[in-house]
Amino acid sequence: MLTGGRLALPEGLVDDGWLAVADGRISGIGTGTPPPGDHVELGGGLVVPGFVDTHCHGGGGGSFSSADSKEIARAIAAHRRHGTTTMLASLVSEPIRSLVDQLAALRELVEDGELAGIHLEGPFIAEARCGAHDPAVLLEPDTASVDALLRAGHGHVRMVTIAPELAGGVRAVRQLTESGVIAAIGHTDGTEEQIRPAIDAGATVGTHLFNGMRPLHHREPGPIGALLDDERVTVELICDLVHVHPTVLRLAATHAGRGRTVLITDAMSATDAADGRYHLGRLEVDVHDGVATLAETGSLAGSTLTMDVAFRNLVRGAGLSIPDAVRATSGRPAELLGIEDRTGSLETGLAADIVILDDDLRPSRVLRGGEWLT
C-alpha cells in the first residue's frame, strides 16, 4: 500500500493519494485514509507510471547490438534504475546477416518479458542523413530484405525506420504496416512530396524529429513539416536539451499535443556510465560531459539520456506540465506499442510499473511488476 503520494492519474494530479498493489498489479487507487495493509509512506512524492522508451540502443556500458547477454542485461538494468520499466531495444544499421544474428540474441529477452520488442533503425535510411550509422552498410529497402528481418525477429520486431525517398521506400512502409509492424520515417533527406505518400501508406511515427532529417524550411517543409502537420503521426523527441533546443521542443510538443508526442532517449552504451571512447554499431564514439559524438566527424551519436531526465527536461527545461510529461513518457508510448491495457498509466488492473519522483523530479524508488528495483 503506497500512501501519502501525489498521484499522476489519467484525469490529473491528485494530492494525498494511495495506491494498492497486489500480485504485481495495481489493485486499488484512492485518496484520504487508505485501507489496511503494509504501508509504504511516500511523503508527498510524485507517483508516475513507469517510463516507456520506444527508442534505446543501450546503457550501463552495454549495447543491444552485442551478442553478449550480460552486456545486454547491463543496458536494461541501467535504464530500469532510472524508471524505465518498458523498452524497445533499438539496433543501428548493419548488414542483413549481422542484424539477423542480433535479432536472434534479443528474441529470448522479448519472450521473457525483459524487452517489449525490437526497433530496427536501419539499414533502410538515407546516406545524406545517416548520422551515426555506417554509410557502407545502408541499403534500399527491397521486399526480400525486409521480409528476412521480420522473419528473423519471430514477430518481435515492433518498429522499423525507413527513408521513404529511397527506391522501394513507400512499398516497404506498406509491407511493414501489413505485417503489423510500426513504420517510422527517419534519417531521411526527403521532401514533403516524398514523405506524404509514406504516411498515406501507413507510416505512423517520426523517428527523433528534427534529428537525422532534412531541416524545416519556410518554402519547403520537408519531413519535419509533413510529420508535424499530419494527425496520423506520432513524433519522437530526444529531450536531452542537446539534440533539440528547449524552445523547439516546446513548439513541437505543443503542436503535436498529448496524443502525438513521445519522448525517447536514443541512448547508447555510455548512458549511466563514464565518459570515454565507445562504439555505436561499427562506429567509434567519444563521450565528453555526457555528450556522445562520432570520433571521426563530431556528429551527434545517440545520447546518454535516461527517461527520468527527459521527463524533468520537458517540465523544467521546455516548460510543459507534469501531465504532459507523463503522457509523453508513459501513456502515449504505451498506446503506440499497443500495450496500454497492460502498462503506461496508473489505473486499477494494470501492471504495478511505478516511479516515485522527489521534489526535484528525480526517481527515489522504482517498482516494476510489483517488485522494487530501487
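About the cut-offs
Residues numbered from 1 in each chain as written. Predicted model: local features only at pLDDT ≥ 70, side-chain atom pairs only at ≥ 80, totals over all residues. Heavy atoms only, no water. 1 Å grid on protein atoms, 1.4 Å probe; cavity = no way out; pocket = protein on both sides within 12 Å on 5 of 7 lines; lining within 4 Å. Points joined across faces, edges and corners; volume = space filled by probe spheres on them. Helix = DSSP H or I, 4+ residues; strand = E, 2+ residues; numbered from the N terminus. Nonpolar A, V, L, I, M, F, W, Y, C, P; charged D, E, K, R; others polar. Axes fitted to C-alpha atoms, helices over the stretch in contact; angles between N-to-C directions. Left-handed = near helix turned anticlockwise from the far one by under 90°. Contact = heavy atoms within 4.5 Å. Buried < 20%, exposed > 50% of the residue type's maximum accessible area, 1.4 Å probe, protein only. Arc of directions from axis to C-beta. Pairing = 2+ DSSP bridges.

Caption draft 1: Looking closely at empty space enclosed by the protein. Per the stated rule, a full pass over the model turns up one cavity of 30 Å³ or more. Here the largest cavity defines a volume of roughly 30 Å³. Surrounding the largest cavity, L120, F124, V146, L149, L150, V160 and L176 form its lining. Ranked by residues supplied to the lining of the largest cavity, first place goes to helix α3 (residues 143-152) with three residues. Of the residues in the lining of the largest cavity, the class split is seven nonpolar, no polar and no charged.

Caption draft 2: A look at the packing of helix α8 (residues 307-317) against helix α9 (residues 322-337). Running from amino to carboxyl end, α8 crosses α9 at an angle of 145°, the nearest separation of the two axes being 9 Å. α9 is crossed by α8, and the crossing has right-handed handedness. When α8 is examined against α9, the residues M307, F311, L314 and V315 are found in contact with a partner set consisting of I322, D324, A325, V326, A328 and T329. Its residues placed into classes, the contact of α8 with α9 shows eight nonpolar, one polar and one charged.

Caption draft 3: Geometry of helix α4 (residues 169-178). Of the positions making up α4, those classed as buried are G169, A172, V173, Q175 and L176. The buried residues of α4 all sit within an arc of 165° when viewed along its axis, so they share a single face. Where the residues of α4 are buried, they touch α3, β11 (157-162), β12 (182-185) and α5 (192-200). Of the residues one or two after α4, G180 is the one with positive phi, at around 80°.

Caption draft 4: Looking closely at the pairing of strand β1 (residues 2-9). β1 sits mainly inside the fold: seven of its eight residues count as buried. Bridge analysis of β1 against strand β4 (residues 40-41) gives two bridges, and the strand direction is parallel. Bridge pairing links T3 to E41 in β4. Pairing analysis gives five bridges linking β1 to strand β2 (residues 12-22), with the strands arranged antiparallel. Following the sheet pairing, L9 is matched in β2 by G12. Here β1 folds back onto β2, and the loop between the two strands holds two residues. Bridge count between β1 and strand β5 (residues 46-49): two bridges; the pairing is parallel. Following the sheet pairing, L7 is matched in β5 by V47.

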